[in-house]
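Next come the chains, spelled out residue by residue.
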Amino acid sequence: MRTIVAGNWKMNTDRLSAEALVSAVVQHAGGIVPEVEVIIAPPFPFLAMAVAKCEGSRIIVAAQNCHQAEKGAYTGEVSATMLKSLGVTACIVGHSERRQYFGESDAVIGEKAAALLAIGLTPIFCCGENQEERTSGRHFHVVTEQMKGALGRFSNAELERIVIAYEPVWAIGTGLTASKEQAQEMHAHIRALLHTHGASVAERVPILYGGSCNPTNAESLFAQLDVNGGLIGGASLVAEQFLELVRIAGKKQ
Ligand code: PGA
């Protein structure tokens, strides 16, 4: 199974700080645990720069969002085709902030994933329950519905090309993390859902943990059987912390 550490920069950095951060990651990632796949997802305006700086390195450049349509009158939007033409090879879809602030439904998220898969890009599909859903014991149900609603349309061959990130909303940017037990049981649940499509889907789809993951708490989370690395927000903005997370993920190999 692949191990992945992906950095979601969200709406942070500016031209100069983005350049500095990409350069630092590229410069120092070369020597460390080559088995771990390293992905960075800078904001749209910095993607072309990131692709250029990452050329010839191990770093994969992803976008944080895309529109589901191939092109057309959608002012302000960015298509998967545009991303591909820049050399971007992956894209986050269904992040809880997109669901919460931009009203993205499971159906729309599924369309975005379909647009990416259709042209050979990797969707990094996010799912996860909010605090109220966890407290009321509905977290497994919520994640099941998110998976079915967005991914139910795909063939096994398509599912095998997706990366999943479980990100409990109550842990994102809050400093709270799921315990290793909470993470493992939800990842095992997601793995079981994938298994309903066949063993090869379950064996091939990496499931990342996200939510206040940092070098202090990552070791026990990444060590869990069904945790195949992390989707990192805040800690991905500090090159040393992000690279330390790659090192920690390498211990899984
Ligand atoms: P965080 O964000 O690491 O800052 O909690 C994770 C994410 O939202 O992807």
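Cut-offs and rules
- Residues numbered from 1 in each chain as written.
- Predicted model: local features only at pLDDT ≥ 70, side-chain atom pairs only at ≥ 80, totals over all residues.
- Heavy atoms only, no water.
- Pairing = 2+ DSSP bridges.
- Helix = DSSP H or I, 4+ residues; strand = E, 2+ residues; numbered from the N terminus.
- Axes fitted to C-alpha atoms, helices over the stretch in contact; angles between N-to-C directions.
- Salt bridge = Lys/Arg side-chain N within 4 Å of Asp/Glu carboxyl O.
- Expected span 1.5 Å × (residues − 1).
- Buried < 20%, exposed > 50% of the residue type's maximum accessible area, 1.4 Å probe, protein only.
- Phe/Tyr/Trp six-rings, centres within 6.5 Å; stacked < 30°, edge-to-face > 60°.
- Lys NZ or Arg CZ within 6 Å of the ring centre and 35° of its normal.
- Near = heavy atom within 4 Å.
- Polar contact = N/O pair within 3.5 Å; in protein donor to acceptor, adjacent residues only side chain to side chain.
- Areas by Shrake-Rupley, 256 points an atom, 1.4 Å probe, with all protein chains shown as cover.
- Nonpolar A, V, L, I, M, F, W, Y, C, P; charged D, E, K, R; others polar.
- Parallel < 35°, antiparallel > 145°, perpendicular 65-115°, else oblique.
- Left-handed = near helix turned anticlockwise from the far one by under 90°.
- Contact = heavy atoms within 4.5 Å.
- Right-handed = clockwise from strand over helix to strand, strands pointing away.
- Core = buried A, V, L, I, M, F, W, Y, C linked by side-chain atoms within 4.5 Å.

S.K.: Describe the sheet that holds strand E5 (residues 122-127), listing the residues and the values that go with them.
M.R.: Taken in spatial order, the eight strands close into a barrel running E1-E2-E3-E4-E5-E6-E7-E8, and their pairing is parallel. When the angles between neighbouring strand axes are averaged without regard to direction, this sheet yields 30°. Across six bridges, strand E1 (residues 3-8) lies against strand E2 (residues 36-41) in parallel orientation. Counted as the bridge partner of Ile-4 is Glu-37 from E2.

S.K.: Explain the pattern of salt bridges to me, using residue names and the numbers behind them.
M.R.: It is possible for side chains bearing opposite charge to pair when their charged atoms get close. Counted according to the given criterion, the structure contains 13 salt bridges. Across the pair Lys-10 and Glu-97 runs a salt bridge, and its minimum N-O distance is 2.8 Å. With Lys-10 in the loop between E1 and helix H1 (15-29) and Glu-97 in helix H4 (residues 96-102), this pair connects stretches of sequence that are 87 residues apart. The network of salt bridges with common partners includes Arg-98, Glu-104 and Lys-112.

S.K.: Give me unusual backbone geometry: which residues, what numbers.
M.R.: Residues other than glycine seldom take positive phi values, yet Lys-10 does so here, at roughly 55°. Its identity as a non-glycine residue notwithstanding, Ser-212 has a phi of 55°, on the positive side. Mapping Ser-212 onto the fold places it in the loop between strand E7 (207-210) and helix H11 (218-222).

S.K.: Lay out helix H7 (residues 139-151) in plain terms, naming residues and giving numbers.
M.R.: An ideal rise of 1.5 Å per residue puts 18 Å on 13 residues; H7 measures up with 18 Å between its terminal C-alpha atoms. Within the sequence span of H7, burial applies to His-139, Val-142, Val-143, Thr-144, Gln-146, Met-147, Ala-150 and Leu-151.

S.K.: Go over the packing of aromatic side chains, please, and point to the residues and values.
M.R.: With the rule as written, the count across this model stands at one aromatic pair. A cation over an aromatic ring shows up here: Arg-98 above the ring of Phe-102, its NZ or CZ 3.9 Å from the ring centre.

S.K.: Describe the site of the ligand, and please don't skip the residues or the numbers.
M.R.: Lining the immediate environment of the ligand, one finds 13 residues, of which Lys-10, His-95, Glu-167, Gly-173 and Ser-212 sit closest. Within the side chain of Lys-10, an N or O atom sits 2.7 Å from an oxygen atom of the ligand. Between an oxygen atom of the ligand and a main-chain N or O atom of Gly-234, the distance comes to 2.8 Å. Contact with the protein chains hides 95% of the accessible area of the ligand, taken as 280 Å² for the molecule alone. Of the residues in the shell around the ligand, the class split is four nonpolar, seven polar and two charged.

S.K.: An account of the packing of H7 against helix H9 (residues 180-195) is requested, with residue identities and associated values reported.
M.R.: Geometrically, a packed helix pair is captured by the angle between its two axes and the distance between the axes. Following both chains from N to C, one finds H7 and H9 inclined at 40°, their axes separated by 11 Å at the closest point. Classified by the angle their axes make, H7 and H9 are oblique. As for the relative orientation of H7 and H9, their crossing is right-handed in sense. On H9, the residues touching His-139, Phe-140, Val-143, Thr-144 and Met-147 of H7 are Glu-185, Met-186, His-189, Ile-190, Leu-193 and Leu-194. Considering only residue class, the contact of H7 with H9 consists of seven nonpolar, three polar and one charged.

S.K.: Talk me through the pairing of strand E4 (residues 90-93); I want residue IDs and the actual numbers.
M.R.: The two faces of E4 match: Ala-90 and Ile-92 on one face and Cys-91 and Val-93 on the other face are all buried. Across two bridges, strand E3 (residues 59-63) lies against E4 in parallel orientation. Paired with Ala-62 across the bridge in E4 is Ala-90. At this point the chain moves from E3, through helix H3 (residues 80-86), to the parallel E4, and the crossover so formed is right-handed. Relative to E5, E4 runs parallel, the two sharing four bridges. In the sheet register, Val-93 faces E5, and the bridge partner there is Phe-125.

S.K.: I'd like a rundown of the nonpolar core, residues and numbers included.
M.R.: Ile-40, Phe-125, Ile-164, Ile-190 and Phe-222 are the most contacted members of the largest nonpolar core, which has 72 residues in total. Examining the composition of this core, we find that seven residues originate from one element, helix H12 (residues 239-250), more than from any other. With near-sequence residues (within four places) excluded, Ile-164 lies in contact with Phe-125, Cys-127, Met-147, Leu-151, Ile-190, Leu-194, Val-205, Pro-206, Ile-207 and Leu-208. Counting 13 residues, the second-largest nonpolar core is a separate cluster that includes Ile-39, Ala-90, Ala-165 and Leu-231.

S.K.: Describe the side chain of Thr-144, listing the residues and the values that go with them.
M.R.: Here Thr-144 is to be found in helix H7. Using a relative accessible area of 11% as the deciding quantity, one classes Thr-144 as buried. Thr-144 has contacts with His-189 and Leu-193, leaving out every residue within four places of it along the chain.

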